[in-house]
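Single-letter residue listing:
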Amino acid sequence: MVTTRLGEERRGITATAVCSVCAEPATILACTNQNTGTFKMIRDAGHFAVNILDYEHQNTAETFAGRSGLQGDDRFESSAWANGDVLGCQF
């Protein structure tokens, strides 16, 4: 999953494509639909997180894929979350 935060607001999506680009500097590629609120918040915040899920997190993945009907910050209510270090991203 790809998640982001801007102030107290959070957004996230279940990503279908995330891959390593290079080791030095550590760079990853995460593909998102430019028409989503998540993409717009990633662009505005300048950072995102890639969350690697296990089979036991299937409900969370389906929630962030839009199958629950929840949107925006409400999607985060289905699981426990922690904030990590913030690094910038480039577009």
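In what follows, the accompanying structure is described. From a predicted model like this one, the values you see are computed outputs, not experimental measurements. (Residues numbered from 1 in each chain as written. Predicted model: local features only at pLDDT ≥ 70, side-chain atom pairs only at ≥ 80, totals over all residues. Heavy atoms only, no water.)

Turning to the environment of Ile 28, a few remarks are in order. As for its position among the elements, Ile 28 is in strand S4 (residues 27–30). Taking the relative accessible area as the measure of exposure, Ile 28 reaches 46% and is therefore partly exposed. Considered as a pair, Ile 28 and His 57 are 29 residues apart in the sequence and their alpha carbons are 22 Å apart. Residues within four places of Ile 28 in sequence aside, it is in contact with Cys 19, Ser 20, Val 21, Phe 48 and Val 50. (Helix = DSSP H or I, 4+ residues; strand = E, 2+ residues; numbered from the N terminus. Buried < 20%, exposed > 50% of the residue type's maximum accessible area, 1.4 Å probe, protein only. Contact = heavy atoms within 4.5 Å.)

To continue, consider helix H1 (residues 37–45). Every buried residue belonging to H1 is among Thr 38, Phe 39, Met 41, Ile 42 and Ala 45, and all of these are buried. Angularly, the buried residues of H1 cover 165° about the axis, an arc narrow enough to put them on a single face. Close packing links the buried residues of H1 with strand S1 (2–6) and strand S2 (9–13). Where H1 ends, the next residue or the one after it, Gly 46, has phi of about 80°, a positive value. (Arc of directions from axis to C-beta.)

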